[in-house]
Structure formats: structure tokens, C-alpha cells
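Coordinate analysis (summary)
The residues making up each chain are set out below.
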Amino acid sequence: MRRRGTAGFLIGAVLLLLPLPGAAAAPSAAPTTSARPTADTSAPTPSAPLVTPPPRGTAPDGSTVGGRQLGARGTVFAADAPTLPPGVGASAWLVADATSGAVLAARDAHGRYYPASTLKTLTLLTLLHRLDPAQVVEATEDDERVEGSRVGLVAGGRYPVSLLFEALVLQSGNDAASALARTAGGEQQTVAAMNATAASLGAFDTVAGSPSGLDVAGQTSSAYDLALIFRAVLEDPATAAVLRVPSATIPPVEGRSPGFQIQNQNPLADYPGGLGGKTGFTDAARHTFVTAAERDGRRLVVSVLDTENVPLRAADQAALLLDWGFAVPAGSPGVGRLVRPDDLLPTAAPAPAAPSSSEPPRMAAPPADEPAPGLLPALGAAAVLSATLLGAGLARRRRRRRTGRPAGTGPPGR
């Protein structure tokens, strides 16, 4: 009898560990996550355009951010939309309703391309609220000699931070990007903060390697991410205002440079309802562009990557996509959506005040059909309870053997 009772107890304990009929099966291990790509400033700088499609980006859990259809390499567009316009030859592009988040059409939305100076929109978004706009920054020789497009800062010149942001956007000044990054703690810290900002938005295809967008090995963004970032710029009144500044004055530096005026170089400045735009170009990235416009309370954002200026400039292709997007019926569900930070699963620990390059990006929310998060803890508790009961039963059996009391007899004195 004792042997049969013990066996029955063991069977009962095992049954406690089995899932109930109809219960979702728990995964045998935690979902795997892919390491976030990084830029490598020590590697050779990319100097030629891509000849094959680049890697396709995903969320850290391997899912396609914004919806499965946006993982397509080819062109996808809303079923209720008119025919797409001819002449859009960019390797990757996207047009979305910035208010509802509906992606109306895209080509290779998550292809990880070189962003060139469109990355300065992320620099603007990351640094504007970290720096005192009235702070005066003295330019260095490194600023003056920086590669690529320059606004004309000279070593020894003193420039307000607010002016440096205008120079960054209006004329894509790499010298302004250099000065701003130094003021924010240095290029390495600025790039780490940019990557943290991108991750917080769900822009997991974006890997910043420089504050200016100058090519760095491993530095990438995507048509999807540029739209996400530009929407965030537009929704922040302070950063949106910089996009719309028509001109600014660079002060003179005695004996070095006369004062001069700079103009906003957005090629779609005259587009009806235009809200601003940012161009980009490098030998590797070719021409890139991101822009937005608003009509009748409806706001669209368009991004264009990896294209040439012939037969149509990147900005002209973007204008065609804006025209097309406004012709799509309002309320169209589209083919995916631009995510919001609330759509992302937060990290286990709060983000530090000063993000570092090793900070884990936030995770995309798991699909609805995955096991409920509470299932594993519940099963674990059941296992602990079963083991406890099993241990108690075995201990009671050993005591009975030592005292000679039959099963069911209470302890002495009771």
C-alpha cells in the first residue's frame, strides 16, 4: 500500500507539471533576438554605390516593423489607390499618412541603404533639446576642414547653437554637425544618443555612424525609418520650426571671413502645403531625400533612397509620390503602418540619462498569437509547488519509517 501511495503521489506531481487541455504550449526557450548592427569607423569608408540590394532590416525579434507586407523587396501599394506614377526610379521609397500612420505604398521599405545627409534629421531630433540654443560655440580647425558640404564656419569663429542647427538643416553643413556633436559631448556620445533615439522610435534599420551622414562602414537607414524619424521631427514644434527657417546669417570673423547669408536649400520649398525637406548625397549613397506636406488637414511623409538625378531628381520623385498619396482615399488602411513608441515593448530597465552605444534597443511587441507572458511564470510556480509537495511527501514517509507509525497517524501530543 505504501509503495502504491508513493507512486500515485509521484504521478500526481508529474500531472501538475503538464499543461492543461487547451492551454497554449510554452516555448522551450526565450525568443531569440538579433544583435543590433553597428557602424565601424575603423573600416574602409564606402565609396561606391550599391550594386545589389542591401540587407533587409527587421526588429530585434526578427519581425517586420510595421507589418508583413513591408518586408517585400518590390513595390506594394494600397488596394484602393490609383495607379502609381511613372518615373519613380529610386531603389527604395515610401509614402505614408503621417497622422494615421498608414503606409500607402513602398518599395523595399526596410532595405538598409546609405542615408547620406538625410541622417541629419536624426541629429536634429536627438540634439536640439539637449543643448542650450543660446550657448555660443567656438569653431575649431577640425570643424573648418570637415569633409563634404560646409556652411562656412571658420576656426575661432563664435556661433550660437541655434544658428548651428539652422546651418545643419538649411545648407546641410557638416561643419555645423561637427560643432554640435562636440558641444554635446563628442562624436561618439552623439552617435550613441542618435542610435538610442532611433531605437526608441522603432527605427531598427537605422545605424548612425556619424552626426553628419557622411558615409561610415555599417551606417544605414531605410525608407521606413526615415519616414518615422521625419514624422517625429514634424511633431516636435521646435525641430519642425528649424525645417521652415527660410534663411539665416552667418556672422563675420575678423580677419577670416565676412558675414554672409545662407538660404534654405529644400528643393520642394514651393510645394503646396510643404512642411520641409532634407536632401542628401554621397558617392556611395547617391541621392536621398525626405519630405512632408499637408493638405486639408491630411499630412503625408515621403522618403526616397538610392537614386540618380536623371531623368528625375530625388525631390521630383518625392513630389510625384506626394501627389499620388493625396489622391489615395483618406482613411485607406494601406499596406502597413508607421509604428509609435507605445507599440514597442520597453526594455526591462529604464534607459539611462546618457545613452551609450551598448544600450539595448526596445523590442517590438510580440504577435498576438504568441503564448501569454504570464504562462511561463504560472508553469514555473506549478513546478515549484509540485516539487514542494513531493518533497514533503517523501520526508513524511521517511519519518514514518523512523517512528514506526502507520500512515495517517498524527504527530505525538495531538
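What counts, and at which threshold
- Residues numbered from 1 in each chain as written.
- Predicted model: local features only at pLDDT ≥ 70, side-chain atom pairs only at ≥ 80, totals over all residues.
- Heavy atoms only, no water.
- Helix = DSSP H or I, 4+ residues; strand = E, 2+ residues; numbered from the N terminus.
- Buried < 20%, exposed > 50% of the residue type's maximum accessible area, 1.4 Å probe, protein only.
- Contact = heavy atoms within 4.5 Å.
- Areas by Shrake-Rupley, 256 points an atom, 1.4 Å probe, with all protein chains shown as cover.
- pLDDT = per-residue confidence, 0-100.
- Salt bridge = Lys/Arg side-chain N within 4 Å of Asp/Glu carboxyl O.
- Expected span 1.5 Å × (residues − 1).
- Core = buried A, V, L, I, M, F, W, Y, C linked by side-chain atoms within 4.5 Å.

On to the overall build of the chain, then. On a plain count of helices and strands, the chain comes out with 10 helices and 13 strands. Across the 414 residues of the chain, 45% fall into the buried class. Long-range pairs, those at least 24 residues apart, make up 68% of the contacts in the chain with a sequence separation of at least 6. Carbon and sulfur atoms make up 57% of the accessible area of the chain, which amounts to about 20000 Å² in all.

Attention now goes to the confidence of the model for the chain. Summing up the model confidence of the chain, the mean pLDDT is 82 and the portion of residues at 70 or higher is 75%. Confidence over residues 347–414 falls short of pLDDT 50; this stretch has 63 contacts with residues more than four positions distant or in other chains.

Bringing the pattern of salt bridges into the picture now. Taken as a whole, this structure holds 13 salt bridges when the rule is applied. For the salt bridge of Arg 256 with Glu 144, the shortest nitrogen-to-oxygen distance reads 2.7 Å. Highlighted residues: Arg 256 in the loop between strand S6 (247–250) and strand S7 (260–263) and Glu 144 in helix H3 (residues 141–144), separated in sequence by 112 residues. With relative accessibility at 42%, the residue Arg 256 sits in the partly exposed group. Residues Asp 316 and Arg 313 are paired through a salt bridge, measuring 3.1 Å at the closest nitrogen-oxygen approach.

It is worth spelling out helix H7 (residues 223–235) at this point. End to end, H7 covers 19 Å across 13 residues, agreeing with the expected 18 Å (1.5 Å per residue, within 8%). With 12 of 13 residues buried, H7 lies mostly within the body of the structure. When we look at burial in H7, the residues that qualify are Ala 223, Tyr 224, Asp 225, Leu 226, Ala 227, Leu 228, Ile 229, Phe 230, Arg 231, Ala 232, Val 233 and Leu 234.

The next subject is the nonpolar core. One recurring pattern in soluble globular proteins is that nonpolar side chains are buried together. One finds Leu 94, Val 103, Tyr 159, Phe 165, Tyr 224 and Leu 338 to be the most contacted residues of the largest nonpolar core, which totals 72 residues. For this core, the element with the most residues is H7, which contributes 10 residues. Setting aside its immediate chain neighbours within four residues, Phe 165 contacts Leu 124, Leu 127, Leu 128, Leu 131, Leu 180 and Val 242. Ala 81, Ala 102, Leu 104 and Ala 315 belong to the second largest nonpolar core, which has 26 residues in total.

Tracing the backbone through its elements, the reader meets Ala 199 in helix H6 (residues 187–201). Ala 199 sits 140 residues away from Ala 59 along the chain, and the two C-alpha atoms are 9.6 Å apart.

Okay, unusual backbone geometry next. Following Val 310, the chain continues to Pro 311 via a peptide bond in cis, the omega torsion being 5 degrees. Examined against the element boundaries, Pro 311 turns out to sit in the loop between strand S10 (298–307) and helix H9 (314–327). The residue Asp 108 is not glycine, and still its phi comes out positive at about 45 degrees. Looking at the secondary structure, you find Asp 108 in the loop between strand S3 (102–107) and helix H2 (120–127). We note that Ser 172 has phi near 55 degrees; this positive angle belongs to a residue other than glycine. Inspection of the secondary structure assignment puts Ser 172 in the loop between helix H4 (161–170) and helix H5 (174–183).

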